[in-house]
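For reference, the chains in residue letters:
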There are 4 protein chains.
Amino acid sequence: MSSIPQTMRAAYLPGDGTVELRTVPVPEPGHGEVLLRMKASAICGSDMKFIYRRKSHPFDLGPDFKGYEDVVCGHEPCGVIAKCGPGLRRFKEGDRALVYHISGCGVCGDCRRGYMICCLSKWRRAYGWQRDGGMAEYLLAEEKDLIPLPEPLSYVDGAQTACGFGTVYEGLSKVAVSGDDAVLVVGLGPVGMAACMLAKAMGAEKVIGVDISPERLALVREKGLADEALVSDDSVLGNIRRLTGGKGCEKTVDCSGSKPGRLLAIQAARTWGKSVMIGEDGEAAFRPSADFMHEHKTLYGSWVTSTWRMEELVERMVRWGIHPDALITTRLPLEKAAEGFALMDGGTCGKVAICFDEELK
Amino acid sequence: MSSIPQTMRAAYLPGDGTVELRTVPVPEPGHGEVLLRMKASAICGSDMKFIYRRKSHPFDLGPDFKGYEDVVCGHEPCGVIAKCGPGLRRFKEGDRALVYHISGCGVCGDCRRGYMICCLSKWRRAYGWQRDGGMAEYLLAEEKDLIPLPEPLSYVDGAQTACGFGTVYEGLSKVAVSGDDAVLVVGLGPVGMAACMLAKAMGAEKVIGVDISPERLALVREKGLADEALVSDDSVLGNIRRLTGGKGCEKTVDCSGSKPGRLLAIQAARTWGKSVMIGEDGEAAFRPSADFMHEHKTLYGSWVTSTWRMEELVERMVRWGIHPDALITTRLPLEKAAEGFALMDGGTCGKVAICFDEELK
Amino acid sequence: MSSIPQTMRAAYLPGDGTVELRTVPVPEPGHGEVLLRMKASAICGSDMKFIYRRKSHPFDLGPDFKGYEDVVCGHEPCGVIAKCGPGLRRFKEGDRALVYHISGCGVCGDCRRGYMICCLSKWRRAYGWQRDGGMAEYLLAEEKDLIPLPEPLSYVDGAQTACGFGTVYEGLSKVAVSGDDAVLVVGLGPVGMAACMLAKAMGAEKVIGVDISPERLALVREKGLADEALVSDDSVLGNIRRLTGGKGCEKTVDCSGSKPGRLLAIQAARTWGKSVMIGEDGEAAFRPSADFMHEHKTLYGSWVTSTWRMEELVERMVRWGIHPDALITTRLPLEKAAEGFALMDGGTCGKVAICFDEELK
Amino acid sequence: MSSIPQTMRAAYLPGDGTVELRTVPVPEPGHGEVLLRMKASAICGSDMKFIYRRKSHPFDLGPDFKGYEDVVCGHEPCGVIAKCGPGLRRFKEGDRALVYHISGCGVCGDCRRGYMICCLSKWRRAYGWQRDGGMAEYLLAEEKDLIPLPEPLSYVDGAQTACGFGTVYEGLSKVAVSGDDAVLVVGLGPVGMAACMLAKAMGAEKVIGVDISPERLALVREKGLADEALVSDDSVLGNIRRLTGGKGCEKTVDCSGSKPGRLLAIQAARTWGKSVMIGEDGEAAFRPSADFMHEHKTLYGSWVTSTWRMEELVERMVRWGIHPDALITTRLPLEKAAEGFALMDGGTCGKVAICFDEELK
């Protein structure tokens, strides 16, 4: 491990579509903490929506929503442990690790389940939101937030898993995707593409993707992520039924976060089918008797995942031979972070990762 | 068993708030069929909404909805077998029985699961909707639709079970109510009152009922059906949380079929809580992130029940010592059916049952 | 449909390793019944064990076990409907169908769930055990026992499904096999081979087969049914753990029915793993603390399946492009039934089917 | 809080039925640790079996079993926080708390699920086994192992929950006890009595207890813990069926850890019933076809519980108004620990707790 400098470069998102690079001190790991040498830090859709495009300070995202607090951005971080604080029990210098991106108190009922995302204590701080995140040369993380990254996976694989793939796997696990299922994925952005990839790995007999964007549909077809990629027009529900023997899909997944997308996911589920909501924000509306109740459907709400399921996902991706980095279309160095955010803002690329060292190929 | 007459009196619902009594032939049971001497036939909310109040022929209730077809009305029938056709395997003359109120084909995938309610074949005909129902002195039923009524239960208990209590038990079973749960019941009409009663029997630690009607709340309090009976005003969500340590209910049940009622049921569920929709018709709308996903909730759609679960319910009601007839506020003879429907239409009574013989006390 | 003769040839199993062919009348379908022109009828391991090898009349298989009653043998029947009795609701002449091999009363709680196998009434009669089975030119069956056989599947596929594959699918469904799982199958006879095939179709990431017989292991390897085929020696548990990162399998299936096989299936399950027993007879023994409880394992008992799940399996096999007939090693005409049973008795072949017409290729 | 002394009295179990009281230094809490002023510490059956009665050093309990390491004994501790180390996030001086009795590493997959009992790391040390336990005036504990004890519960309630009641609740949760269930509890020692109490709270319609000991049966009857208390003789299975309409119990729980007790629990489960093993050690044996598979039963292995479920149990006991201390028959001061262990060894008492201060009433 090369020697650790005193200062480092780090990216901040002051809002209004700007990225600011600052030189800041490299932090020192305390009890139960590690210093990660960053290797990859991917940009998430929520970075764009809730932080990058934000118009001005102070923001108002509702009473319960903890917004961005002028910290180093980036909540999909992955790297290698450069230095350890005292009191570590599992990880050591040189270990490769991704970071479960919400650091909870660790000792409430939610954290004890591994769902630190649900922690309601004052200690809950998401990386890249309320505590420094991954868009810097080094990251201070708590050992309890680390997930080991085994060799077959790249750091970019790990970064993708820290938020997007983990969130998708939680949702697919809630509806228990298997080879018994035709799976509908509504919304084919990075999260939807991850859903296609993981549904297939979990055994889905058929994956049907739906989006309104021809570019996204083309990308999904090109990458072979879905068995069918359908444009979301007036006939899409009929088309899904036609592809499933008139019955609809055993499992459906909304990654669109849109009102019509959610309705489609509910309607396209087969009798006794299960549907899960992964896409955030906005509203949902449906007719209970006709769309839902009379076919004994179940609808699951899902949010991020637990630390232990993220660890299971990492184990399984190795077993499946899956590489989330296949969804990354652009890799950029930290100094070009502004370019990366602008690219994502354009909406015509896939997913962008800020990379370091060997991952910057 | 007294001798069976040639003709009988039977009630029909031509719409516009009228009830017609006709003298019709007593039917003859064919293969696999029985003739039931009716003892009790309760009026259901859907009789009122979709049949009695219907304005004119022909009705238009959407392409999928099979409406009332000028048959003997009444889909909550219970009686004693007066005569058996050939080919019976379980039931015999003199057996007491309630009727699962949807006669499916019996041989499709849905019927084979016991969920004849979901049968899509041309053979599917609901009693009191598309085939003669219980508001007559005799009823022709298929053996496969019969549920045995054990002695500790009255015929009115059985009639209540054939639709309302069966439907409620299915919903409560889907969310698996137990002593671990505070249970919220939204909407305290006959179905909601059944939900309170069964939730308690299934072990609910606390039952909280909500309605907009002071009369219904008073009735629920008077009958001791809920631990708390709350009026549905602006502070009701806060009140429910206050009664549950700030956390909400483990299980919530919508029996209102109303948009605000459904929203309340979703919002009042605790983190990891389960909510079930039993009330029919109309719309549902909520904010997925804030109301549902971030607390990992699950929403179940439910419709009627299966034959085998109805039979389980009957077994359990005997074990619990529960009597659904406690919710009946008025018993009338068949000749006063018009009076019964008018009473239900007024909305100030509880539930009305048309009764015969010993049940007409 | 060619004209139906007055008499037909039919096979009986008087015991002591003999097969008797008799000429008997072709039956006439009554209410709710069909006459099937037989196309395929496979020999099951239980035919061998409990009927063919049986030493003498009367047999004694315990108070609860309903033995063979000198009927036409064969409980894995598949054919085409040659004639219909009155009262049919779904099937018609010319329909291809397999027969769920236990005809229950149809109206008890178990039958209403679709699990006619559990029917306790006097009406319960298994085809080929207490009522005439499939080893004849024609078979009288009840419509409620028929499962439709879609075109992509052959009659031999259907025959295999009627008992073996249906039973396996029930077990694998109970433990919910998916792509998350390494699946261990203990015992690689016809049932174990079906388990390997279906586990893979359900998405299993890895299928590990274990048997004591080198011939069976060779057959499994040759047919590519398992990712690993291990001999059951002292090191087999260690070998399984080595193949699964030291952890054991998420799901394990015993098809051996043997005491050591069952113990292996329990021990080889991973922490939180699920194990299912499909193989019949004999005993099971294990050390609860060390083998089972301390790793929070669950053990499922399974028996045959339901009519509706068998129908789902047929639907899925079409979607998967799976053909159970791939496990048949010998097809023989009815006149050579004795040869077929003798072959199975030798234990060196795979599975034998008695075939008719176009299936006798 | 009174000032903390330099030394304290503490009990050790050198084996051969002896208890040793020593004067040792009061420990100092480090990072993430607290010093608990002990209030109650109950004696568990495993203390007796594996530690107190142990014949000599070194013991041999198998390669995987971590035995007692000459630490302060007692793994059911409950007290009040007297002093806090740095880095605490939830608890503070003066808080009442029980101790989840296995301190895992906190950062492996098992610990992240809350099941520190399953931790395989070198950091895993059970209180009273490999690190100092509750039979002393003070106890050093990690914050992550603490469960808050709300006011309505006594310290003895909390001590009982730390091992016994928590373990029982886990098992009953696995089989999902509710008002739908008749519940059989086999073995009516302290664990079995806790099972009766919690099954009732979870809503069990009927609780049937079985034991071989007339004293225990008498105690259960006297305390009103079960609806039926049956002696375990040759007719017990028949008696259980008779009490359940001939069907057996929906849920059965083995707390006996004995071979016949386990067999009874499996056999007495109803078709589709669920059975859970809580009692430790020894063997289990049954006939899969006759006892288990043909009735589609499921058997769960269970071990201790998770931190979060223990916390849920504490919440629910308050809601239920349940007090585990009702099962304590003897309270003794620490100086009389030897007397307490001797009493438990006699086997004629219920459960003994070493108490301090206000709990020593």
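Keep in mind the model is a prediction, meaning the values are calculated, not measured.

J.: Summarise the sheet that holds strand 11 (residues 206-211) of chain D; cite the residues concerned and give the values.
T.: If you walk across this open sheet you meet the twelve strands as 12(C)-11(C)-10(C)-13(C)-14(C)-16(C)-16(D)-14(D)-13(D)-10(D)-11(D)-12(D), and the pairing is mixed. One side of each edge strand has no neighbouring strand; the edge strands of this open sheet are strand 12 (228-231) of chain C together with strand 12 (228-231) of chain D. Mean inter-strand twist for the sheet, computed between neighbouring axes without regard to direction, equals 20 degrees. Bridge count between strand 13 (residues 249-254) of chain C and strand 14 (residues 269-277) of chain C: five bridges; the pairing is parallel. Its bridge partner being in strand 14 of chain C, Asp 254 of chain C is matched across the sheet by Met 277 of chain C. Relative to strand 12 of chain D, helix 5 (residues 214-223) of chain D is tilted by about 175 degrees, and along the sheet it contacts strand 11 and strand 12 of chain D.

J.: Go over the relation of the copies chain A and chain C with me, naming the residues and quoting the values.
T.: Take chain A, turn it by 180 degrees, move it 0.0 Å along the axis, and it overlays chain C with an RMSD of 0.0 Å. Given the turn and translation reported, the copies of this chain are related as if by a two-fold rotation axis. Taken as a fraction of all interface residues of chain A, those also at the interface in chain C reach 100%, which identifies the copy contact as same-surface.

J.: Describe in detail the nonpolar core, supporting the description with residues and values.
T.: Within the largest apolar cluster, 112 residues are counted, with the highest numbers of intra-cluster contacts made by Met 135, Leu 146, Leu 198, Trp 320 and Phe 341 of chain D. Not counting residues up to four positions away in its chain, the partners in contact with Leu 198 of chain D are Phe 165, Val 168, Tyr 169, Leu 172, Leu 313, Trp 320 and Ile 322 of chain D.

J.: Explain the pattern of salt bridges to me, using residue names and the numbers behind them.
T.: The final tally for this structure, using the stated rule, is 148 salt bridges over all chains. For Glu 312 of chain D, the salt bridge goes to Arg 113 of chain A, with nearest N and O atoms at 2.7 Å. Taken as a pair, Glu 312 of chain D in helix 9 (residues 307-320) and Arg 113 of chain A in the loop between helix 2 (109-112) and strand 7 (125-126) lie in two separate chains rather than in one. Accessibility assignment for this pair places Glu 312 of chain D and Arg 113 of chain A in one class, buried.

J.: How would you summarise unusual backbone geometry if you had to cite specific residues and measurements?
T.: Residues and elements named next belong to chain C. The backbone phi angle of Trp 272 is positive, close to 65 degrees, even though this residue is not glycine. Looking at the secondary structure, you find Trp 272 in strand 14. A relative accessible area of 28% means that Trp 272 is categorised as partly exposed. Residues other than glycine seldom take positive phi values, yet Asp 281 does so here, at roughly 80 degrees.

J.: Could you give an account of the interface of chain A and chain C, with specific residues and numbers?
T.: Contact residues are listed per partner, giving 18 residues for chain A and 18 residues for chain C. Roughly 1,300 Å² of surface becomes buried between chain A and chain C when both sides are summed, with 29% attributable to carbon and sulfur atoms. Sorting the residues of chain A by area buried against chain C places Asp 180, Glu 205 and Arg 319 of chain A first, and these three jointly supply 39% of that buried surface. The tally of links between chain A and chain C comes to ten salt bridges. Arg 270 of chain C is the salt-bridge partner of Glu 315 of chain A, the closest N and O atoms lying 2.7 Å from each other. In this structure, the connection of chain A to chain C is made through 16 residue pairs in polar contact (both at pLDDT 80 or more). It is helix 9 (residues 307-320) of chain A that provides the largest number of residues to the side of chain A that touches chain C, a total of four residues. Residue composition of the side of chain A that touches chain C, by class: six nonpolar, three polar and nine charged.

J.: Talk me through the sheet that holds strand 13 (residues 249-254) of chain B; I want residue IDs and the actual numbers.
T.: Ordered in space as 12(A)-11(A)-10(A)-13(A)-14(A)-16(A)-16(B)-14(B)-13(B)-10(B)-11(B)-12(B), the twelve strands form an open sheet in which the pairing is mixed. Because the sheet does not close on itself, it has two edges, and the strands there are strand 12 (228-231) of chain A together with strand 12 (228-231) of chain B. Taking each pair of neighbouring strands and ignoring which way they run, the sheet shows an average axis angle of 20 degrees.

J.: Give a detailed account of the packing of helix 1 (residues 45-52) of chain C against helix 10 (residues 337-346) of chain C, specifying residues and quantitative values.
T.: Residues and elements named next belong to chain C. Here helix 1 crosses helix 10 at 95 degrees, and the two axes come no closer than 10 Å. Considered as vectors, helix 1 and helix 10 are oriented roughly perpendicular to each other. Listed contacts from helix 10 to Asp 47, Met 48 and Tyr 52 of helix 1 are Phe 341, Ala 342, Met 344 and Asp 345. In terms of residue class, the contact of helix 1 with helix 10 is made up of five nonpolar, no polar and two charged.

J.: Kindly report on the relation of the copies chain A and chain B, identifying the contributing residues and their values.
T.: Rotating chain A by 180 degrees and moving it 0.0 Å along the rotation axis overlays it on chain B with an RMSD of 0.0 Å. A shared interface surface links the copies, since 100% of the contact residues of chain A are contact residues in chain B too.

J.: So, the pairing of strand 11 of chain D: which residues are in play, and what are the values?
T.: Residue and element names in this part refer to chain D. Of all six residues in strand 11, six are buried, a share of seventy percent or more. On strand 11, burial covers both faces: Lys 206, Ile 208 and Val 210 on one face and Val 207, Gly 209 and Asp 211 on the other are all buried. In terms of strand pairing, strand 10 (residues 182-186) meets strand 11 through five bridges, oriented parallel. Among the inter-strand pairings, Val 186 is bridged to a residue of strand 11, identified as Val 210. Once you follow strand 10 into helix 4 (residues 190-201) and on to strand 11, the crossover reads as right-handed. Alignment of strand 11 against strand 12, held across four bridges, turns out to be parallel. Across the sheet, the residue bridging to Ile 208 is Glu 228, located in strand 12. Running through helix 5, the crossover from strand 11 to the neighbouring parallel element strand 12 is right-handed.

J.: Kindly report on the interface of chain A and chain B, identifying the contributing residues and their values.
T.: Accessible area lost upon the coming together of the parts is a frequently used measure of interface size. Counting residues at the interface gives 34 residues for chain A and 34 residues for chain B. For the pair chain A and chain B, the summed buried surface comes to about 2,700 Å²; carbon and sulfur atoms form 64% of the total. Broken down residue by residue, the surface that chain A buries against chain B is led by Trp 272, Met 293 and His 296 of chain A, which jointly contribute 22%. Run the count over chain A and chain B and you get zero salt bridges. At the junction of chain A and chain B, the tally comes to 16 residue pairs in polar contact (both at pLDDT 80 or more). Residue assignment for the side of chain A that touches chain B shows that the elements contributing at least two residues are helix 3 (155-175), strand 14 (269-277), strand 15 (284-286), helix 8 (288-292) and strand 16 (298-301) of chain A. Of the residues belonging to the side of chain A that touches chain B, the class tally is 15 nonpolar, nine polar and ten charged. Relative to strand 15 (residues 284-286) of chain B, strand 15 of chain A runs antiparallel, the two sharing three bridges. Residue pairing in the sheet places Ala 285 of chain A in a bridge with Ala 285 of chain B of strand 15 of chain B.

J.: Give me the packing of aromatic side chains: which residues, what numbers.
T.: All names here are of chain C. Here the structure, examined in full by the defined rule, presents 16 aromatic pairs over all chains. A centroid spacing of 6.3 Å and a plane angle of 75 degrees characterise the contact between Tyr 169 and Trp 320, whose relative ring orientation is edge-to-face. Taken as a pair, Tyr 169 in helix 3 (residues 155-175) and Trp 320 in helix 9 (residues 307-320) lie far apart in primary sequence, 151 residues in all. Seen from the ring of Tyr 12, Arg 22 lies directly overhead, with NZ or CZ sitting 3.7 Å from the centre.

J.: How would you sum up helix 3 of chain A? Please name residues and give values.
T.: All names here are of chain A. With 21 residues, helix 3 should cover 30 Å at 1.5 Å per step; its first-to-last C-alpha distance of 29 Å lies within 8% of that length. Along its length, helix 3 shows its largest kink, about 60 degrees, at Thr 161. One or two residues past the end of helix 3 sits Ala 176, with phi positive at roughly 55 degrees.

J.: Which residues make up the confidence of the model for chain A, and what are the values?
T.: Looking at chain A, the pLDDT average stands at 95 and 96% of residues meet or exceed 70. For this predicted complex, the interface confidence comes out at an ipTM of 0.96, alongside a pTM of 0.97.

J.: Can you tell me about the side chain of Lys 144 of chain C, naming the residues and giving the values?
T.: Relative to the helices and strands, Lys 144 of chain C resides in the loop between strand 8 (138-142) and strand 9 (146-148). What makes Lys 144 of chain C buried here is its relative accessible area of 18%. Within polar-contact distance, the side chain of Lys 144 of chain C engages the side chain of Ser 103 of chain C at 3.2 Å. Once residues within four sequence positions are removed from consideration, Lys 144 of chain C is found in contact with Arg 89, Val 107 and Arg 112 of chain B together with Ser 103, Gly 104, Cys 105, Gly 106, Met 116 and Thr 307 of chain C.

Calculation criteria
Residues numbered from 1 in each chain as written. Chains lettered and ligands numbered in written order. Predicted model: local features only at pLDDT ≥ 70, side-chain atom pairs only at ≥ 80, totals over all residues. Heavy atoms only, no water. Pairing = 2+ DSSP bridges. Helix = DSSP H or I, 4+ residues; strand = E, 2+ residues; numbered from the N terminus. Axes fitted to C-alpha atoms, helices over the stretch in contact; angles between N-to-C directions. Contact = heavy atoms within 4.5 Å. Least-squares fit on C-alpha atoms with pLDDT ≥ 70 in both. Core = buried A, V, L, I, M, F, W, Y, C linked by side-chain atoms within 4.5 Å. Buried < 20%, exposed > 50% of the residue type's maximum accessible area, 1.4 Å probe, protein only. Salt bridge = Lys/Arg side-chain N within 4 Å of Asp/Glu carboxyl O. Buried area = accessible area lost by both parts, 1.4 Å probe. Polar contact = N/O pair within 3.5 Å; in protein donor to acceptor, adjacent residues only side chain to side chain. Nonpolar A, V, L, I, M, F, W, Y, C, P; charged D, E, K, R; others polar. Parallel < 35°, antiparallel > 145°, perpendicular 65-115°, else oblique. Right-handed = clockwise from strand over helix to strand, strands pointing away. Phe/Tyr/Trp six-rings, centres within 6.5 Å; stacked < 30°, edge-to-face > 60°. Lys NZ or Arg CZ within 6 Å of the ring centre and 35° of its normal. Expected span 1.5 Å × (residues − 1). Bend = angle between axes of the 7 residues up to and from the residue. pLDDT = per-residue confidence, 0-100.

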